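# Survey of secondary and tertiary structure
Chain residues, written in single-letter form:
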Amino acid sequence: MITHFSRLKNGTVLLLMHITLSLFSFSFLPLFLHKNGYPYYVLVLPSVLFAGFGALFISLIRTYNLRTFICLGYACFALMALSLFFHVSYYSIFIYSVLLALALVFYWIPINYVFFHASSTSTNALDSSVYMASSGFLSIFVPLGGALVIKHGGFSWLFGLTALFYLIPLFFAARKISPVTITLPLSDGIREFKRLRTITFLEGSLHFFVGTIIPIYTLLFLNTELKFGSFLGYLGLLGSIAAFLFSYHSDKTQKRLSYLTLLFAAMALCSLLFIFIDAVSSWLMVVGLFTMLSTISSPLRLAVSLDVKKADLHFWKVRELFLNIGRFVTLLIAMIFFYFQLYWPVFVMFGLIYLLYPLLVKYKLKEVK
């Protein structure tokens, strides 16, 4: 295990720095917007804008410098915090979303490459669990710290401190990341991404169900800083250890599809159960089960793609393109339903996607067991 983590060292440190600061501050964005009087459908808007602009920026940028881009990514995160610190109506939401889309290109695509460039089929699921489940472990306690800052100092302190703290990973990246420059024609990458395009579209659709839709809908039940922060910690606690165990076993047996089918069927059922919940205790129970299943399945979803394609920078660029197209389409539909205060169609839509995903993997990727 020590050898395993030493191979991922720089990528892990850079990733954990961002996840910590993001959970500390940006995880409270729905609550911040809610407290400022925005209706629920507007709370979905930043994610819709992020996905749309993210797909656009990925299409436009061809040349990547790893060190420069990762540093620019951290600068974007700091400016996002400042845009909320100097909150000015819808302008701040727009600026925040555009900066987040730029951070997708500058930070997430290069950091994915740095993190996974030494992975193989025998480590893909476990590496993916380190990548994804680490946020689960951190969310056990980090959001509570953010909640305490909000309670005693307000959102201005939260976002001001976050902007300042992002200077730390920026300087670390400037020292530790090699200045490698790579040019990536998009058409070549899309052609090489054959068989994964539709699968990745659906995977992107599911990403923000957990990250956007569930936290926003939770505000119907919990709407104070400490309750919301505790809820985020509760979600992080569930599933993190199980994700490591499932991922380790999946790497050993190379059986991805059987696990995915079972997990996704259970998540589809949970999505439909959400429609009928009207009590806090029931919501926490079903969301807890769903989050545990989602945390377990997330590394396996990523491992499926890593098993069949070489994880070069081309892979990560095109993967993010199709992830964001999927996010944009489904979140836009969700926002429209939220506008009309119709929540059940959103849960039905995501439930159907959870049922479809493993079937599509089985159909498209014959070599995945």
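Preceding block: the structure.
Right, let's walk through the structure included here. (Residues numbered from 1 in each chain as written. Predicted model: local features only at pLDDT ≥ 70, side-chain atom pairs only at ≥ 80, totals over all residues. Heavy atoms only, no water.)

## Brief notes about the overall build of the protein
Stated precisely, the cut-off is as follows: Helix numbering and strand numbering both begin at the N terminus, where a helix is a DSSP run of H or I of at least 4 residues and a strand a DSSP run of E of at least 2. Partly exposed describes any residue whose relative accessible area lies between the buried limit of under 20% and the exposed limit of over 50%, with all areas from a 1.4 Å probe on protein chains only and scaled to the type maximum. The contact criterion used is simple: two residues touch if any of their non-hydrogen atoms lie within 4.5 Å. Accessible areas in this description were obtained via Shrake-Rupley with a 1.4 Å probe; residue shielding takes into account the shown protein chains only.
Regarding its fold elements, the protein presents 18 helices and 2 strands. Counting across all 369 residues of the protein, residues that qualify as buried make up 56%. Looking at the protein alone, contacts between residues at least 24 apart form 87% of all its contacts between residues at least 6 apart. For the protein, the exposed area adds up to about 15100 Å²; of that, 70% sits on carbon and sulfur atoms.

## A word on a nonpolar patch on the surface
Note the threshold: What makes a patch is a set of residues exposed beyond 30% relative accessible area and free of salt bridges, joined within 9 Å when like-charged and within 5 Å when nonpolar (Val, Leu, Ile, Met, Phe, Trp, Tyr). Salt bridge, as used here, is a side-chain nitrogen of Lys or Arg placed within 4 Å of a carboxyl oxygen of Asp or Glu.
Where nonpolar side chains cluster on the molecular surface, the patch consists of Ile325, Phe328, Val329, Leu332, Ile333, Ile336, Tyr339, Phe340, Leu342 and Trp344 and spans about 880 Å² of accessible area. It is helix H17 (residues 313-339) that provides the largest number of residues to the nonpolar patch, a total of 7 residues. Among the secondary structure elements, Ile325 is positioned in helix H17. Accessibility expressed as a relative area gives 30% for Ile325, which makes it partly exposed.

## Side note on the packing of aromatic side chains
What describes a pair of aromatic rings is the distance from one ring centre to the other and the angle between the planes of the rings. We count it as follows: A pair of aromatic rings is counted whenever rings of Phe, Tyr or Trp (Trp by its six-membered ring) have centres within 6.5 Å, and the orientation is called stacked for planes under 30 degrees apart, edge-to-face for over 60 and tilted otherwise.
Inspection of the entire model under this criterion finds 40 aromatic pairs. Aromatic pair Tyr41 and Tyr339: ring centres 4.9 Å apart, planes at 85°, arrangement edge-to-face. Of the two residues, Tyr41 is situated in helix H4 (residues 40-60) and Tyr339 in helix H17; the sequence distance between them amounts to 298 residues. For Tyr41, a relative accessible area of 26% gives the class partly exposed. Assessed through its relative accessible area of 48%, Tyr339 is described here as partly exposed. Taken together, a centroid distance of 5.0 Å and an interplanar angle of 80° make the contact between Phe69 and Phe106 edge-to-face. Residue Phe69 is located in helix H5 (residues 66-85), and its partner Phe106 is located in helix H6 (residues 89-116); the two are separated by 37 residues in the primary sequence. Residue Phe69 is classed as buried on the basis of its relative accessible area, which comes to 10%. The exposure class assigned to Phe106 is buried, which follows from its relative accessible area of 14%.

## Some details on the packing of H5 against H6
Using the following cut-off: Here the axes come from fitting lines to C-alpha atoms, over the contacting stretch only for helices, and the angles between their N-to-C directions go from 0 to 180 degrees. Just so you know how the angles are binned, under 35 degrees is roughly parallel, over 145 roughly antiparallel, 65 to 115 roughly perpendicular, and the rest oblique. Handedness of a crossing is defined here by the sense of rotation of the near helix relative to the far one, left-handed for an anticlockwise turn of less than a right angle and right-handed for a clockwise turn. When residues are grouped by polarity, Ala, Val, Leu, Ile, Met, Phe, Trp, Tyr, Cys and Pro land in nonpolar, Asp, Glu, Lys and Arg in charged, and all others, Gly among them, in polar.
Interaxial distance between H5 and H6 falls to 8 Å at its minimum, and their mutual angle equals 155°. When the interaxial angle is binned, H5 and H6 end up roughly antiparallel. Handedness of the H5/H6 crossing: left-handed. The residue makeup of the contact of H5 with H6, split by class, is 24 nonpolar, 3 polar and no charged.

## As for the pattern of salt bridges
Going through the model one piece at a time under the given rule, you end up with 2 salt bridges. Across the salt bridge formed by Arg319 and Glu203, the nearest N and O atoms sit 2.8 Å from each other. One end of the pair, Arg319, is in helix H17; the other, Glu203, is in helix H12 (residues 197-218), with 116 residues separating them in the sequence. Here Arg319 falls in the buried class, since its relative accessible area comes to 2%. In this structure, Glu320 and Arg327 form a salt bridge, with 3.7 Å as the shortest nitrogen-oxygen distance. We classify Glu320 as buried; its relative accessible area is 6%.

## A short note on helix H15 (residues 257-273)
Worth spelling out the cut-off: Here, expected helix span is obtained from the residue count minus one, scaled by 1.5 Å. It is the directions from the helix axis to the C-beta atoms that the arc portrays.
Compared with an ideal rise of 1.5 Å per residue, which puts 17 residues at 24 Å, H15 spans 24 Å between its outermost C-alpha atoms and is within 8% of the ideal. All buried positions along H15 are accounted for by Leu257, Tyr259, Leu260, Leu263, Phe264, Met267, Ala268, Cys270 and Ser271. All buried residues of H15 project into a common sector of 160° when viewed along the axis, lining one side. The outward face of H15, more than 90 degrees from its buried face, is lined by the exposed residues Leu262 and Leu269.

## Remarks on the nonpolar core
Operational definition: Residues belong to one nonpolar core when they are buried, are Ala, Val, Leu, Ile, Met, Phe, Trp, Tyr or Cys, and are joined through side-chain atoms within 4.5 Å.
With 122 residues, the main nonpolar core has Phe77, Phe209, Ile213, Phe274, Trp283, Phe350 and Tyr354 as its most contacted residues. With 17 residues, H6 is the largest single contributor of residues to this core. Not counting residues within four places of it along the chain, the set of residues in contact with Phe77 comprises His18, Phe26, Leu100, Ala103, Tyr107, Trp108 and Tyr166.

## Some details on unusual backbone geometry
One non-glycine residue, Arg195, lies in the positive phi region at around 85°. Locating Arg195 in the fold gives a position in the loop between helix H11 (186-192) and H12. When its relative accessible area of 29% is taken as the criterion, Arg195 is described as partly exposed. A positive phi is found at Gln341, a non-glycine position, where the angle reads about 55°. Classification of Gln341 as exposed rests on a relative accessible area of 60%.

## With respect to the environment of Met80
Mapped onto the secondary structure, Met80 falls in helix H5. In the structure, Met80 is positioned 79 residues away from Phe159 in sequence and 8.7 Å away in space, judged by C-alpha atoms. Contact partners of Met80, with chain neighbours within four places excluded, come to Phe26, Tyr96, Leu99 and Leu100.

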